[in-house]
Amino acid sequence: MWDYQESGWMSDRIGEKWFKDNFLKQCGGERPQLLILDGHSSHESLTLIQDGIRENKVIMSLPPHTTHYLQTLDRSVFGPFNKQYDRACSEFLQENMLHKIDKWTFPSLFKTAWNEALSKENIKSGFRACGIYPFNPHAIPPEAYLQCEASENKDEAPTFDQPSEKSNAHCITTAQVYG
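Please read these numbers as outputs of a predicted model, since none were measured by experiment.

I'd like to hear about the overall build of the protein chain, residue by residue, with values.
A count of helical and extended segments in the protein chain gives eight helices and two strands. Going from the N terminus to the C terminus, the protein chain shows its helices and strands as α-β-α-β-α-α-α-α-α-α. Here the protein chain holds 179 residues, and 27% of them are scored as buried. Contacts in the protein chain between residues at least 24 apart in sequence constitute 56% of all its contacts with a sequence separation of at least 6. Accessible area for the protein chain stands at about 12400 Å²; split by element, carbon and sulfur atoms hold 54% of it.

Structure representation (structure tokens):
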């Protein structure tokens, strides 16, 4: 799906369109299903949430300050994709020294990298790395679950079971993430 927004930023309209026209059509018929999204406001529109409930989709919004630990594609697909894209571009430029990468050559280079990096194994490894499936709350460090101010005594780091009394308002625990 391709779309644009005048400002260049994601919008509720685009998020809702993606959910209805792309996600729902591609996710299969098994229900319930879990959809994990970051906390961007376009993922939390009332229409998208109502559509999710109607379609028996459980929509989980990742807690603030944890997405770099919990976004599965960031952990296992986009890194390999970047490497594959760099490789595809390098090979293209070596074979076509008088050409450049432009809007005409970009799609085939993108497709080559996408097909290499977006494998089932890479996707599954992202869920494993994040501890989402199979469930493993120890797959990521404690600071991913609990964002707290530094203790006056630096030797007293907060743990899963003993959050600091100086916790920020946005602190979360494992139980809140995995319910």
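Anyway, onward from the coordinates.
Now, about a nonpolar patch on the surface: what can you tell me, with residues and values included?
Taken together, the side chains of Leu73, Phe78, Trp114 and Leu118 make up a nonpolar region of the molecular surface, amounting to roughly 310 Å² of accessible area. Structurally, Trp114 can be placed in helix H6 (residues 106-117). By relative accessible area, Trp114 is classed as partly exposed at 35%.

Quick rundown of the pairing of strand S1 (residues 33-37)? Include the residues and the values.
Burial along S1 is one-sided: the face carrying Gln33, Leu35 and Leu37 is buried and the face carrying Leu34 and Ile36 is not. Where S1 and strand S2 (residues 57-61) come together, five bridges link them in parallel fashion. Counterpart to Leu35 in the pairing with S2 is Ile59. For the segment spanning S1, helix H2 (residues 46-54) and S2, crossover handedness is right-handed.

Give a detailed account of H2, specifying residues and quantitative values.
Along H2, the residues that are buried comprise Leu48, Asp51 and Gly52. The arc enclosing the buried residues of H2, seen along the axis, measures out at 100°, which places them on a common side. Exposed positions of H2 whose direction lies more than 90 degrees from the buried face are Leu46, Ile53 and Arg54. A positive phi of about 60° marks Asn56, the residue just after H2.

Residues and numbers for unusual backbone geometry, please.
Cis geometry is adopted by the peptide bond preceding Pro32, which originates at Arg31 and carries an omega value of -10°. Looking at the secondary structure, you find Pro32 in the loop between helix H1 (12-26) and S1. Of the consecutive residues Tyr133 and Pro134, the connecting peptide bond is found in the cis state with omega at -5°. If you trace the backbone, Pro134 turns up in the loop between helix H7 (120-129) and helix H8 (174-178). In this model, Asn56 sits at a positive phi of 60°, which is unusual for a non-glycine residue. For Asn56, the position within the fold is in the loop between H2 and S2.

Thresholds applied
Residues numbered from 1 in each chain as written. Predicted model: local features only at pLDDT ≥ 70, side-chain atom pairs only at ≥ 80, totals over all residues. Heavy atoms only, no water. Helix = DSSP H or I, 4+ residues; strand = E, 2+ residues; numbered from the N terminus. Buried < 20%, exposed > 50% of the residue type's maximum accessible area, 1.4 Å probe, protein only. Contact = heavy atoms within 4.5 Å. Areas by Shrake-Rupley, 256 points an atom, 1.4 Å probe, with all protein chains shown as cover. Patch = residues over 30% accessible without salt bridge, like charges linked within 9 Å, V, L, I, M, F, W, Y side chains within 5 Å. Salt bridge = Lys/Arg side-chain N within 4 Å of Asp/Glu carboxyl O. Pairing = 2+ DSSP bridges. Right-handed = clockwise from strand over helix to strand, strands pointing away. Arc of directions from axis to C-beta.

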